Amino acid sequence: MPLSRDIPAKVKEALRREAGYGCCICGNPVIQYHHIVDWSVRKHHEPIHMMVLCVEHHYMVTHGAIDQDDQYSHKANPVNIKNGYTKGLLVAPKNQPVIDAGQTQIIGDELSLSIDGKTVLGLRYNNGQVFITAANYDVKGRKTLSIADNEWLLSSLGRWDVKASYQRLEVHDRVRKEIVLILDMKVYPFKLRCSLKN
């Protein structure tokens with residue numbers, strides 16, 4: 001039976017932990033999984049030949065801008081680990097997350113906002129780490145952005161940009177020329193601003 005393209009959860013977790021829960025090159029917590037030994041060459045899910053990258057670095061790697069030796073070098077020395085961020089950039093400093101979202105204060109380990117039965121924003125807090133889920137739909141109901149637990153699943157690369165620093169995440173919409181999501185955990189309660197729309 002042929003190997004599925006779906007990467008097993010244990011492999012994903014091992015790769016995220018190894019990289020300090022972010023892109024091996026820049027540390028961005030919104031990532032994709034990359035086969036250093038390309039899937040088309042050998043169908044595998046071997047962590048030794050895989051790494052996590054942000055969307056932009058994944059694009060660069062798959063288009064030949066970063067060679068295989070450099071990929072293994074970044075995998076061996078991920079930026080978050082070098083900088084001491086073993087749990088990644090999205091680490092909550094308090095035990096009980098409290099989020100200010102506009103005029104609403106949310107207390108607890110999970111937040112999920114759905115519109116017309118579709119989840120457009122979710123935050124999950126687990127052992128000090130924060131995981132983002134976000135989706136955006138166009139006027140025809142087609143998904144234009146999909147992030148699930150910090151894994152970038154779908155988007156048009158040219159439209160969306162994710163910027164991250166320690167305890168802060170921003171999602172920019174290049175078409176609308178605005179920031180559509182800000183999560184700031186440098187303050188307490190955490191600040192959340194979201195404007196996911198067409």
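To start, this report covers the structure provided alongside it. Bear in mind that the values here come from a model prediction, so they are computed numbers and not experimental data. Numbering of residues starts from 1 in every chain and runs along the sequence as written. Owing to the predicted nature of the model, reporting of local features is limited to residues with pLDDT of at least 70; listing and counting of side-chain atom pairs is limited to 80 or more, with chain, interface and lining totals taken over all residues. Side-chain numbers here rest on the full set of heavy atoms in the structure, without hydrogens or water.

Section: unusual backbone geometry
Here is step 1 of the chain: Following Tyr188, the chain continues to Pro189 via a peptide bond in cis, the omega torsion being 0°.
Here is step 2 of the chain: With respect to the helices and strands, the residue Pro189 is situated in the loop between β12 (178–184) and β13 (190–194).
Here is step 3 of the chain: At Asn127, a position not held by glycine, the phi torsion is positive, near 50°.
Here is step 4 of the chain: A run of H or I in DSSP counts as a helix once it spans at least four residues, and a run of E counts as a strand once it spans at least two, with each numbered from the N terminus. Position of Asn127 relative to the elements: it lies in the loop between β6 (118–126) and β7 (129–137).
Here is step 5 of the chain: Exposure classes here rest on a 1.4 Å probe applied to the protein chains alone. A residue is buried below 20% of its type maximum, exposed above 50%, and partly exposed in between. For Asn127, a relative accessible area of 58% translates into the label exposed.
Here is step 6 of the chain: Backbone geometry places Lys177, a non-glycine residue, at a positive phi of 55°.
Here is step 7 of the chain: Tracing the sequence through the fold places Lys177 in the loop between β11 (168–173) and β12.

Considering the pairing of β6
Here is step 1 of the chain: Sheet topology places strand β5 (residues 110–115) next to β6; 6 bridges connect them, and they run antiparallel. Its bridge partner lying in β6, Leu113 is registered against Leu121.
Here is step 2 of the chain: Pairing between strands is defined by DSSP: at least two bridges between them are needed. Between the antiparallel neighbours β5 and β6 lie 2 residues, among them Asp116 with a positive phi of about 50°.
Here is step 3 of the chain: Looking at chain direction, β6 and β7 are connected through 6 bridges and run antiparallel. Its bridge partner being in β7, Tyr125 is matched across the sheet by Val130.
Here is step 4 of the chain: Counting the residues that bridge the hairpin from β6 to β7 gives 2 residues, and of these Asn127 lies at a positive phi of roughly 50°.

Section: the environment of Val175
Here is step 1 of the chain: With respect to the helices and strands, Val175 occurs in the loop between β11 and β12.
Here is step 2 of the chain: The sequence separation of Val175 and Val37 amounts to 138 residues, and the corresponding C-alpha distance is 34 Å.

Considerations on the nonpolar core
Here is step 1 of the chain: Here, nonpolar core refers to any group of buried Ala, Val, Leu, Ile, Met, Phe, Trp, Tyr and Cys residues whose side-chain atoms link them within 4.5 Å. Ranked by size, the top nonpolar core spans 26 residues in total, and within it Leu123, Val130, Ile132, Trp152 and Leu192 carry the most contacts.
Here is step 2 of the chain: At the level of secondary structure, the elements contributing two or more residues to this core comprise β6, β7, β8 (143–148), β10 (160–165), β11, β12 and β13.
Here is step 3 of the chain: Excluding residues within four positions of it along the chain, Trp152 makes contact with Val30, Ile31, Gln32, Val55, Leu145, Ser146, Ile147, Trp160 and Val162.
Here is step 4 of the chain: Ranked by size, the runner-up nonpolar core spans 16 residues in total, among them Ile7, Val11, Ala19 and Ile36. Residue contacts follow a heavy-atom distance rule, with two residues in contact if any of their heavy atoms lie within 4.5 Å.

A few points about the packing of aromatic side chains
Here is step 1 of the chain: Ring geometry is summarised as follows: Phe, Tyr and Trp rings, the Trp one being its six-membered ring, pair when their centres sit within 6.5 Å, and such pairs are stacked at plane angles under 30 degrees, edge-to-face over 60 and tilted between the two. Applying the stated criterion across every chain, the model contains 2 aromatic pairs.
Here is step 2 of the chain: Here the aromatic rings of Tyr85 and Tyr166 are separated by 4.8 Å at their centres, their planes lie at 15°, and the arrangement is stacked. Of this pair, Tyr85 sits in the loop between α4 (79–82) and β3 (98–101) while Tyr166 sits in the loop between β10 and β11, and the two are 81 residues apart along the sequence.
Here is step 3 of the chain: Residue classification places Tyr85 among the partly exposed positions, given a relative accessible area of 27%.
Here is step 4 of the chain: Taking the relative accessible area as the measure of exposure, Tyr166 reaches 31% and is therefore partly exposed.
Here is step 5 of the chain: Ring geometry for Tyr188 versus Phe190: centroids 5.5 Å apart, planes at 80°, classification edge-to-face.
Here is step 6 of the chain: According to the relative accessible area criterion, Tyr188 is partly exposed, its value standing at 38%.
Here is step 7 of the chain: Owing to a relative accessible area of 2%, Phe190 belongs among the buried residues under this scheme.
Here is step 8 of the chain: Here the guanidinium or amino end of Lys118 rests over the ring plane of Tyr137, the centre of that ring lying 4.5 Å away.
Here is step 9 of the chain: Lying over the aromatic face of Phe131, Arg124 brings its terminal NZ or CZ to 4.5 Å of the ring centre. Two limits define a charge over a ring: the Lys NZ or Arg CZ must be within 6 Å of the ring centre, and within 35 degrees of the ring normal.

Shape is all these values report; function is a separate question.
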